[in-house]
Every structure is written in C-alpha cells, then in structure tokens.
Amino acid sequence: PYYTQKHLDYRAVVRKFVAENVRSDALECEESGAQPSKELVKKLGAEGYLAARLGPGKHLKGVQLPGGVLPEEYDYFYEQITHEEFARLGCRGYLDGVGGGLVIGLPPVFNFGSPKIKEKVLPPVLRGEKYICLAISEAFAGSDVASIKTTAKKTPDGKFFIVNGTKKWITGGMFADYFSTAVRTDGGITMLLIERSPGLRTKPIKTSYSSAAGTAYVIFENVKVPIENILGKENQGFSVIMSNFNHERWAMCVGINTGTRLIIEECFKWAKQRKVFGKGLIEQPVVRQKLASMVALNEAVTQWIDHVTYQMNYMTYAEQAQHLAGPLALLKFQCTRTATHVADEAVQIFGGRGITKTGMGRNIEMFQRTFKFDSILGGSEEILADLGIKQAMKSFPKGAKL
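From a predicted model like this one, the values you see are computed outputs, not experimental measurements. (Residues numbered from 1 in each chain as written. Predicted model: local features only at pLDDT ≥ 70, side-chain atom pairs only at ≥ 80, totals over all residues. Heavy atoms only, no water.)

### Re the overall build of the chain
Looking only at helices and strands, the chain has 15 helices and ten strands in total. Since a compact globule built from 402 residues should have a radius of gyration of about 21 Å, the 22 Å found for the chain is in line with a globular shape. A principal-axis box enclosing the C-alpha atoms of the chain has dimensions of 80 × 60 × 40 Å. Out of the 402 residues in the chain, the part that is buried amounts to 52%. Summarising the internal contacts of the chain: among those between residues at least 6 apart in sequence, 73% fall at separations of at least 24. Approximately 18,600 Å² of the chain is accessible, and the part contributed by carbon and sulfur atoms is 56%. Computed over 51 positive and 40 negative side-chain charges, the inter-centroid distance for the chain is 3 Å. (Helix = DSSP H or I, 4+ residues; strand = E, 2+ residues; numbered from the N terminus. Rg over C-alpha atoms; globule rule 2.2 N^0.38 Å. Buried < 20%, exposed > 50% of the residue type's maximum accessible area, 1.4 Å probe, protein only. Contact = heavy atoms within 4.5 Å. Areas by Shrake-Rupley, 256 points an atom, 1.4 Å probe, with all protein chains shown as cover. Lys, Arg positive; Asp, Glu negative; His and termini not counted. Charge placed at Lys NZ, Arg CZ, Asp CG, Glu CD.)

Written out as structure tokens, the structure is:
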C-alpha cells in the first residue's frame, strides 16, 4: 500500500541506470580498491542521483531527478528506492566511496551553513565535481562524541580558527575537498566546514571492505579556518551532529536490509541448483529451516522500514526527532542483528564458496566480510539498543507497575 505506480516506474528507471552505468565500475573498483570513476560521479550528479540520495528538501530545487520525478513530489519512498537499487550492487565499500560521504557530510551544510557557504559548496558537490565527508570519529571517541579531542582555537583578531587534531575512519576522506568537522572550542563542541588546505593531510586506512570507500585518517596541523565556516552556532555543534543521525541511520537500515535480502536470494538460487547426497540442497530439511529463519527476520525488518518511511513522510523534522529516534535506533539494531544471522547461515549453505572471493559465492563472501560496518557505523548495536529503550522510557507512564 505504500508504493504508487510512480514509485514502481522510478524503481525501474534507477535499476536500469545502475545496471548500465554503475555496475561495471563498482565491480572493478570494489576489487582493485581504486577511487570510483570521477566521470561516473559527475554523471550521477547530472542525472540527479546524488541529490536524490539526500532525500526530500530544498536542496532539490532546480534538480532534474531520475524518471522525471518532480522535486515537490519526491518523498522518502523515492529516496528509499534509490538506496535500495544502489545497494543491490553488493559492493559495500564502493557504495560508500561513490556517495557515502555526501549522504552524511552535506546535510550539516545545507541545514546549518550560512547562505555564502551553501552557495559555494552545494552546487559543485551535488554536480559531483567536489567531494565532502563527515569528520567526527577519532581514535579517542567513536559513539562517545562528547570525548573528541580535536581543537579549534580562535586567532587574536577573532577572524579564524586554528584547528589541530586527528580524525579516524572517515568515510570518503581520501577524496574529500570539504570536511564537515566536529571540533572542541572553548565553550563546547562546534561544527566547522573545513576545506582541504595547507596543514590538512589524509592517510588511507585499510579496513575489511574495499579501499574504494576512501576511508581515511585525517590530520589537522594548524589548519586555518574562517570563522564564517561555523555550521550552526559556536559551542552548539552537538545539536548539529545529532540532527542528521535519524536520516543517516534510516539510510543505513535500507542499505543493509537490501544487502541482506540479496544474500537470501543468492541462497535460494544456490539451494535450488546444488546437488548433495543425491538430491537438491533445497530438499534438506535443515537447509529449509535456515532459509525460513532468514526470510522471517528479513521480511519483518522490511515491513518495519516501510512503516518508518511512511511516518517520515508525514512528520515534520521536529516530530521525527521526537518520535523516531528511539524506533530508528532499535530498527538499526534489528537490521544488523538480522544481517549477522543471515551472513552466518549463508556461509553454511554455500560452504567453501561462501568464503571464496570469486565465483558463485562472491556476494556471500563479501557480505560476511563487510556487514559488520553497519553494526558499528552510525552508532554501535549496543549504544543504539540502549538508546531505543531510554527513548521509550521517556514517555513511559510514571508510577506504572503490575
């Protein structure tokens, strides 16, 4: 009931585009670790896919969206479809490199940047000519954002900040021209837009997924940043940081759930064609039991995502912050718990092929090696499970008891 014919037509357009324009680059770069094609990223910008990954909003004004969808009719179900169709590539590192930094790094700019900053940054980033990332995590502070140590000190004339410190595991940092960065100022935490400039260096971090993601260790050594580059208000950066978490976590849920669904599909195909002990693998009761548990978990999460997306369409931003922070935290927790179960069972169904990087088990091997990123990024499972219950307790009736 959630999807109109226009949504279905849009999905067909996106799926065709990804198959014809993105798949070959994705497979090549995921394997080699090379940066996604710059020309392709520009094409994604020109065709409206970069803007589409950011959801509904003022940033869509004047954008030619895929399938002829008008900016004013573009809702969160269109965005969900966009994330799903790209996630079907099964190239987790590549997907982060081709736009992951933009999805989490650009919203602080268009929501909290000055008109001058937005005019400078938004057009080239949305065209795919410039790259942006979100720089919050440090070796000293992951989910514990309040413990960041990167500092920004004002110059005597009050016109600049001098930034010193490091950031770690920054998605897209190797390619970024702009860094939406959390820093510690004299009165608290402040968000700054920092342009790649003298004193800013990036080093690659090799992780479980492809280096195509551009994961970086970022070093700030006396980097000079204009005071006008504050995103939001000085010393009130925590609210800026928190502002995009709901959308970020929702997008991650859509991506990991689609990846999980792809793996289940692969398992069905393999179980139908594989012969063991003189009969099809699908005829083994233990295999059908594995498939049943995988499908049941995935279907439940899929319906939950659709339900949340529907709520997002009919809630203001403030209402989403109030009512969806807890459910989204628990949704992401359940998505990654489901992915953990599916990854494990899929390897058992595929056997040796499930731990082989090439051949029929390629997608299984990649998934079991990379799904844990979503268990950590955007808030670890433990943090989000706790957050979900804390949010629920805020509206729990006082004095309620058996």
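### A word on the packing of helix α12 (residues 325-350) against helix α13 (residues 362-370)
Taken N-terminus to C-terminus, the directions of α12 and α13 make an angle of 145 degrees; their axes are 9 Å apart at the nearest point. The handedness of the crossing between α12 and α13 is left-handed. Each of Ala339, Ala343, Ala346, Val347 and Phe350 in α12 lies in contact with α13, whose residues at this interface are Ile364, Phe367 and Gln368. A breakdown of the residues in the contact of α12 with α13 according to their chemical character gives seven nonpolar, one polar and no charged. (Axes fitted to C-alpha atoms, helices over the stretch in contact; angles between N-to-C directions. Left-handed = near helix turned anticlockwise from the far one by under 90°. Nonpolar A, V, L, I, M, F, W, Y, C, P; charged D, E, K, R; others polar.)

### Quick look at the pattern of salt bridges
Applying the stated criterion across every chain, the model contains 22 salt bridges. For Glu39, the salt bridge identified is with Lys42, shortest N-O distance 3.8 Å. Separated by three residues within a single helix, Glu39 and Lys42 lie in helix α2 (residues 38-46), roughly one turn from each other. When its relative accessible area of 38% is taken as the criterion, Lys42 is described as partly exposed. Here the salt bridges share partners, and the residues they tie into one network are Arg11, Arg15, Glu84, Glu85 and Arg88. (Salt bridge = Lys/Arg side-chain N within 4 Å of Asp/Glu carboxyl O.)

### Some details on the layout of surface pockets
Empty space within the second largest pocket amounts to approximately 600 Å³. Of all the secondary-structure elements, those providing two or more residues to the lining of the second largest pocket are α6 (107-112), α7 (115-126), α9 (245-273), α10 (285-313) and α11 (317-323). With four residues, the single largest contributor to the lining of the second largest pocket is α6. A breakdown of the residues in the lining of the second largest pocket according to their chemical character gives eleven nonpolar, ten polar and two charged. (1 Å grid on protein atoms, 1.4 Å probe; cavity = no way out; pocket = protein on both sides within 12 Å on 5 of 7 lines; lining within 4 Å. Points joined across faces, edges and corners; volume = space filled by probe spheres on them.)

### A word on helix α15 (residues 381-394)
Taking 1.5 Å of rise per residue, 14 residues should cover 20 Å, and α15 covers 20 Å from first to last C-alpha, within 8% of that figure. Buried within α15 we find Glu381, Leu384, Gly388 and Gln391. The buried residues of α15 occupy one face: seen down the axis, they fall within an arc of 95 degrees. In α15, the exposed positions angled more than 90 degrees off the buried face are occupied by Glu382, Lys390 and Lys394. (Expected span 1.5 Å × (residues − 1). Arc of directions from axis to C-beta.)

### A short note on empty space enclosed by the protein
Under the criterion given, the structure shown has two cavities of 30 Å³ or more. Its volume calculated, the largest cavity comes out at about 120 Å³. As for the largest cavity, its lining consists of 16 residues, of which Gly97, Gly99, Leu102, Tyr131 and Ile132 are closest to the centre. If one sorts the elements of the lining of the largest cavity by residue count, helix α5 (residues 92-105) sits on top with seven residues. There is about 60 Å³ of room inside the second largest cavity.

### Some details on a nonpolar patch on the surface
A grouping of Ile389, Met393 and Phe396 is seen on the molecular surface, where their side chains present a nonpolar patch of about 310 Å² in accessible area. Tracing the sequence through the fold places Met393 in helix α15. (Patch = residues over 30% accessible without salt bridge, like charges linked within 9 Å, V, L, I, M, F, W, Y side chains within 5 Å.)

### What to know about the pairing of strand β1 (residues 132-135)
With burial as the criterion, each face of β1 is covered, one bearing Ile132 and Leu134 and the other bearing Cys133 and Ala135. As judged from the four bridges shared by β1 and strand β4 (residues 178-185), these two strands associate in the parallel manner. When the bridges of β4 are listed, Ala135 appears paired with Thr181. (Pairing = 2+ DSSP bridges.)

### Overview of the environment of Arg201
Relative to the helices and strands, Arg201 is located in strand β6 (residues 200-204). Taking the C-alpha atoms as reference, Arg201 lies 38 Å from Ile305; in sequence the two are 104 residues apart. If we skip the residues at most four places from it in the chain, Arg201 touches Tyr217, Val218, Ile219 and Glu221. Within the structure, the side chain of Arg201 is placed 3.4 Å from the side chain of Glu221, a separation counted as a polar contact. (Polar contact = N/O pair within 3.5 Å; in protein donor to acceptor, adjacent residues only side chain to side chain.)

### Here's the deal with the nonpolar core
Ranked by size, the top nonpolar core spans 58 residues in total, and within it Val22, Leu44, Tyr94, Leu106, Val109, Val121 and Ile132 carry the most contacts. Top element by residues in this core is helix α1 (residues 5-32). It accounts for seven residues. Ignoring anything within four residues of it in the chain, the contact list for Leu106 reads Leu54, Gly101, Val121, Leu122, Val125, Leu126 and Ile132. Among the nonpolar cores identified, the runner-up in size contains 34 residues, and Tyr76, Ile263, Leu324 and Ala343 belong to it. (Core = buried A, V, L, I, M, F, W, Y, C linked by side-chain atoms within 4.5 Å.)

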